[in-house]
Amino acid sequence: VNNLLTIDGQPISVAITGSTTNALDGGEVQVVPCGPDARGIALAAGSHVVQTAVGHNGPCASAPATCTGWNLDQLVADSAAGGGAGPVAAPTAAGTPSLPATQSGPQPTVGQTTSHIDNIDATVTGATQPFELVLGQSVNKGWHAVASPGPGAPAGSHAVDLGQPQLVDGFANGWHVTADDLHALGGANFTVSLSWQPQRLVWIALAVSGATLLLCLILGFLPVRSRRWLRARLLPGRLRGPAGPDAPERPSDPFDAPSLTLPYSVPSLGEPRRGWLRFPRALVLGAATGGVALLVAPPLAALAVGVLVALGLVWHWARAAAVVAGIAFVVAGCLNVVEGQRVHHYLPGSNWDGFFVHAGNLIWIGIVLLVADAVISSVGMRVRKPVRRRQLRAVETSADAALPAQGHP
């Protein structure tokens, strides 16, 4: 029959083999290619659409002409080595097809030499034929493989970029090492380096974060003398004021020494914005911040963040709750890691952080709460500037006019 199965819209001739009694009792029978398709079905590289006809459980009442009386529950496509048609599966006693086990060829030996957080090195020996190199981790395009000639490789051998992995074994990363690759590597013995490419961005981000933290510490705890030394060399002369033995003594600079204040101290940071527009804006910003928090935090935590932002834009005391709760959650997450490692003694490895899922959730909740504090302080507080831009320009103009004329008698 050719009305049970189509591939890319083309009908495939199949035959139904098995016991008639078993078929009438609703049992399983086998479907095999026959007629013009008995020797196999040729498929080009790429995607193909396989469709089966409507069986006896289909909408036969509305369209009886389209019903075939057969339900094709399972189709197995197989091919021999090299891409040709594979052997026809022999049916079992119950009529279920059973494919023979694949007979693999000679396999090379792979030995792992090093393993780090972002790369794995291995040696391959005895690779006389093309093979699949498999990394038993979930497939991910971030992995990259490069093969290099081993010791004693002939002249002219060079490294081969195996590129990104392909899906093998239904879950893992696989790289196909071809005959041309083996020839370029100079023989059956070589080394392979697997690297996790996204880790480079992680290292860069950590370096930038560390440098930023160091700069903040320097600016926060720089001695007063060093601050004035930098100001004297970086600021224009007219902003530094007159210098010399006859210059009047300058008052102390408010930024000469750091001062610590409570994070929710309104007088030191500003005052809540007023006006009737603050209520709708508070709801909009609260909903937007909660939506962003939902990307990394549980729904209840994201809802709490949205509520705190909306309240903090109207009543400043909610900012104190966001700060205290954020710090408390971060500290709780850190303590969870320390206590969990002390009790269970988890072994180090690439999946070590997977043992502390609850700690990660606690820390993320703390981070989004601190983000809520940042939104409240940056949007909801009006900070009074000590000198307006127009006033600064007026002062600069007056300073220029007060300078004595330069010239020669």
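Conventions we followed
- Residues numbered from 1 in each chain as written.
- Predicted model: local features only at pLDDT ≥ 70, side-chain atom pairs only at ≥ 80, totals over all residues.
- Heavy atoms only, no water.
- Helix = DSSP H or I, 4+ residues; strand = E, 2+ residues; numbered from the N terminus.
- Buried < 20%, exposed > 50% of the residue type's maximum accessible area, 1.4 Å probe, protein only.
- Contact = heavy atoms within 4.5 Å.
- Areas by Shrake-Rupley, 256 points an atom, 1.4 Å probe, with all protein chains shown as cover.
- Pairing = 2+ DSSP bridges.
- Axes fitted to C-alpha atoms, helices over the stretch in contact; angles between N-to-C directions.
- Left-handed = near helix turned anticlockwise from the far one by under 90°.
- Nonpolar A, V, L, I, M, F, W, Y, C, P; charged D, E, K, R; others polar.
- Salt bridge = Lys/Arg side-chain N within 4 Å of Asp/Glu carboxyl O.
- Expected span 1.5 Å × (residues − 1).
- Parallel < 35°, antiparallel > 145°, perpendicular 65-115°, else oblique.

Caption draft 1: Fine view of the overall build of the protein chain. In terms of regular secondary structure, the protein chain is built from 11 helices and 17 strands. Scored against the burial criterion, the 409 residues of the protein chain give a buried share of 23%. Sequence-distant contacts, at least 24 apart, represent 60% of the contacts inside the protein chain between residues at least 6 apart. Here the protein chain displays about 28000 Å² of accessible surface, and carbon together with sulfur accounts for 62% of that area.

Caption draft 2: The side chain of Asn173, seen in detail. For Asn173, the position within the fold is in strand 14 (residues 172–177). With sequence-adjacent residues up to four places away left out, Asn173 is seen in contact with Leu133, Val134, Leu135, Gln137, Ser138, Val139, Asn140, Trp143, Pro165, Gln166 and Val168.

Caption draft 3: Main features of the sheet that holds strand 5 (residues 50–52). Strand order in the open sheet formed by three strands is 2-1-5, with antiparallel pairing between adjacent strands. The open sheet is flanked by strand 2 (10–11) and strand 5, the only strands paired with a single partner. Inspection of the sheet shows strand 1 (residues 5–7) paired to strand 2 by two bridges, in the antiparallel sense. Bridging from a neighbouring strand, Ile7 pairs with Gln10 of strand 2.

Caption draft 4: Examining the sheet that holds strand 9 (residues 119–125) more closely. Spatially, the five strands line up as an open sheet ordered 8-9-15-11-12, and their pairing is antiparallel. The two strands at the open ends of the sheet, each matched to only one other strand, are strand 8 (109–115) and strand 12 (160–163). Pairwise comparison of adjacent strand axes, ignoring direction, gives a mean angle of 25° for this sheet. For strand 8 and strand 9, the ladder comprises six bridges, and the chain directions are antiparallel. Counted as the bridge partner of Ser115 is Ile120 from strand 9.

Caption draft 5: Up close: the packing of helix 8 (residues 299–312) against helix 9 (residues 317–344). The contact between helix 8 and helix 9 brings their axes to 7 Å, and the two run at 145°. Relative to helix 9, the crossing made by helix 8 is left-handed. Touching Leu308, Leu311 and Gly312 of helix 8 are Trp317, Ala318, Ala321 and Ala322, all from helix 9. Its residues placed into classes, the contact of helix 8 with helix 9 shows six nonpolar, one polar and no charged.

Caption draft 6: The arrangement of the pattern of salt bridges in detail. Following the criterion strictly, the structure yields one salt bridge and no others. The closest approach of N and O atoms between Glu339 and Arg342, which form a salt bridge, is 2.6 Å. Taken together, the residues span about one helical turn, with Glu339 and Arg342 both in helix 9 at a distance of three residues. When its relative accessible area of 39% is taken as the criterion, Glu339 is described as partly exposed. Residue classification places Arg342 among the exposed positions, given a relative accessible area of 53%.

Caption draft 7: Region of the structure containing helix 8. With 14 residues, helix 8 extends 20 Å from end C-alpha to end C-alpha; this agrees with the ideal 20 Å at 1.5 Å per step. Along helix 8, the residues classified as buried are Ala301, Ala302, Val305, Gly306, Leu308, Val309, Ala310 and Gly312.

Caption draft 8: Layout of the packing of helix 8 against helix 10 (residues 357–379). Running from N to C, helix 8 and helix 10 point in directions that differ by 20°, and their axes come no closer than 9 Å. Classified by the angle their axes make, helix 8 and helix 10 are roughly parallel. Both helix 8 and helix 10 take part in a crossing whose hand is right-handed. Along its contact with helix 8, which presents Ala301, Val305, Leu308, Val309 and Gly312, the element helix 10 presents Ile365, Val368, Leu369, Ala372, Val375 and Ile376. In terms of residue class, the contact of helix 8 with helix 10 is built from 10 nonpolar, one polar and no charged.

Caption draft 9: Molecular detail of helix 9. Relative to the 40 Å expected for 28 residues at 1.5 Å per residue, helix 9 spans 41 Å between its end C-alpha atoms, a close match to the ideal helical length. Along helix 9, the positions that sit buried rather than exposed are Ala318, Arg319, Ala320, Ala322, Val323, Gly326, Gly333 and Gly340. Once helix 9 ends, the next one or two residues include His345, with phi positive near 55°.

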